[in-house]
Amino acid sequence: MFIALDDTDSTEGMCTTYLTCLILRKFKEINLIADIPNLVRLNPNIPYKTRGNGACWFHIDDNNLSGERKKEIKTIVLDLLKKYSRFEDENTNPACVFLDDENFKINFEILNKFYKKAVSELCTIEEADEISGKINATAYKFKNGRGIVGCLACLGCDFSDLTYELLIYRTEENFGKERMIDEESVFEMHKLLYPGTYDNVNEEEHKLVFMPHGKDPILCGIRGNSIEVVNKAFSLIKFNEEISFTRIFRTNQHTDAHLMFKKISELKQYDAAIVAGTVIENPKRIAKGHTFFKISDGTATFTCAAYGVTRLKNIAFNLVKGDKVRLYGGIESHKDTFNIEKIEILELAKIYKKENPVCPNCKIRMKSEGTNKGFQCKNCKLRLKNDAVKFIEVPRNLKQEIYEVEPGHRRHLSKQLCRYKI
Ligand SMILES: [Zn+2]
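Residues numbered from 1 in each chain as written. Predicted model: local features only at pLDDT ≥ 70, side-chain atom pairs only at ≥ 80, totals over all residues.

Draft legend 1. Quick look at the pairing of strand β13 (residues 272–285). Of the strand pairs in this sheet, strand β12 (residues 260–261) and β13 are connected by two bridges, and their pairing is parallel. Counterpart to Met260 in the pairing with β13 is Ala273. The pairing of β13 with strand β14 (residues 291–296) spans five bridges and is antiparallel. Considered in β14, the bridge of Thr278 is made with Ser296. Connecting the antiparallel pair β13 and β14 is a turn made up of five residues, with Lys288 showing a positive phi of about 65 degrees. (Pairing = 2+ DSSP bridges. Helix = DSSP H or I, 4+ residues; strand = E, 2+ residues; numbered from the N terminus.)

The following block contains the structure:
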C-alpha cells in the first residue's frame, strides 16, 4: 500500500516530513515496517506552496495485510493528520492518498506524467481529482483539498536521479527556540565529506545553512548522495540540544527535476524551465543589486532577473549585448520575469574600447579634435583622420561555464555544480 501526504504544514510550523515520521513511529509500535520514506519536491514557483512545496509518501507491503489491518493503517494516518495539520492557516489544505500496490503498478505511467507536470508547471485540484478517480485511489481532502495535487504527483516521481536527506528533529519544548549546534563540528564534517554531502555551510560567509528558520520541528537536514554519507556526517556533528529522533528520506532534491527545456515563446506563468538565447540589451541594476536583462531566442524575448541576495547578480551584471547564455530558473510572482537559478555562458561577445592613435613621429598619444574630427599631435601638430582610431579588445571577466548561487540560497530542487559529475 502506498500512502501519500501533502500540505499539512504552515509558515508557523509543522512539516509534512514530521507527520510522516510520527506515522511511521506509530506503525512500528504495531509491527508495521515501512520502506524508506520519500520527500518529493514539486514546482517551487507555485504560489500556494507553504515553504519548499514538498510532499511525502511511503510504502507498506500489501501482501499480508488483512482488510482489518488496512483499516487500522488508514485510521492511524487520518488521526495523526487531523491532529497535527495546521488547519488554521488559510494556505494549508491537507490531503492524503492511499493506493494499493496493484493499482500503483498498473497506473505508474499516469502518475509519472502528472508528476512531470506538477514538478515543472501549475496543476489544478480538478486535474488531480480526475486522476485519483481514474487510478482508483482513496483520497481524503480537507478544506479546499489542494494537497491532493502533491499527493498524486509525488507518487509519480521516478527518482531517475536522487539524493538523500537525513532530517534531525527537535524535542517539542525546543520548537521556536534558537537552534543549538556546534558550528565548528559542522565545518570539520564539511571539510571531510564534501561533495558527498553539500549545502551544510556557506564558507564565504562562514555560517551554517542547513537549518530551517522559525518554529518548525526540524533542527537541521543533512543532504547527500548516499545513505552512508549522510549517516557519517550526522555522526561527526556535535549537537548542543536534545534530539527527538532522526529519519532519512529519499528525495528528488538537487536533481534539477523541475527544469524542462523550453523555447521562450512557450513560457507560461509558474513554469520552471531552461531557456537559451542571446542577450539583447545590456543589464540594468536597481535597488539592492537586483539585475535585469533581456534575452531572445528568435521565438520571443523575455526579461530575466538575478536578485540581490546571491552572487548571480554580479554575473548577470557583467553580461553584455550579444552574449549567448543558457538560463536555469522559472517564473514566479511576476509573470513577465524569469528568475535565474543558474547562468551558463555559452559564448561571450567581444567588447572593444576606443583608443586614440599614437603619433608616428613623437610616439606620444594624440588628442581628439572632437567627435568625428580626427586627431592632432600636441607636439608636432600632425593631424590624422578619424579612422586612425584604435579598437582594443577588452578582456571579459566571465568564463564559458555555469555559475550557481551560493549554499543557503539554493532551491531544494536545484542541482549543485558539484553533483554534475555524478
Ligand atoms: Zn607628433
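Having seen the model, we can carry on.
Draft legend 2. Looking closely at the sheet that holds strand β19 (residues 367–368). Read from one edge of the open sheet, three strands run β19-β20-β21, paired in antiparallel fashion. Whereas interior strands pair on both sides, the edge strands pair on one side only; in this sheet they are β19 and β21 (383–384). Where β19 lies against strand β20 (residues 375–376), two bridges are found, and the strand directions are antiparallel. From the neighbouring strand, Ser368 faces β20, where its bridge partner is Phe375.

Draft legend 3. Highlighting the nonpolar core. Counting residues in hydrophobic clusters, the biggest one holds 66 residues, and the most contacted among them are Ala4, Val97, Cys151, Leu152, Ala153 and Cys154. Examining the composition of this core, we find that seven residues originate from one element, helix α5 (residues 147–155), more than from any other. When near neighbours in sequence (up to four residues on either side) are disregarded, Cys151 contacts Ala4, Leu5, Asp6, Ala55, Ala95, Cys96 and Val97. One finds Leu259, Ile264, Leu312 and Leu327 within the second-largest nonpolar core, a separate group that totals 24 residues. (Core = buried A, V, L, I, M, F, W, Y, C linked by C-beta atoms within 7 Å. Buried ≥ 20, exposed ≤ 12 C-beta atoms within 10 Å, placed from the backbone. Contact = placed C-beta atoms within 7 Å.)

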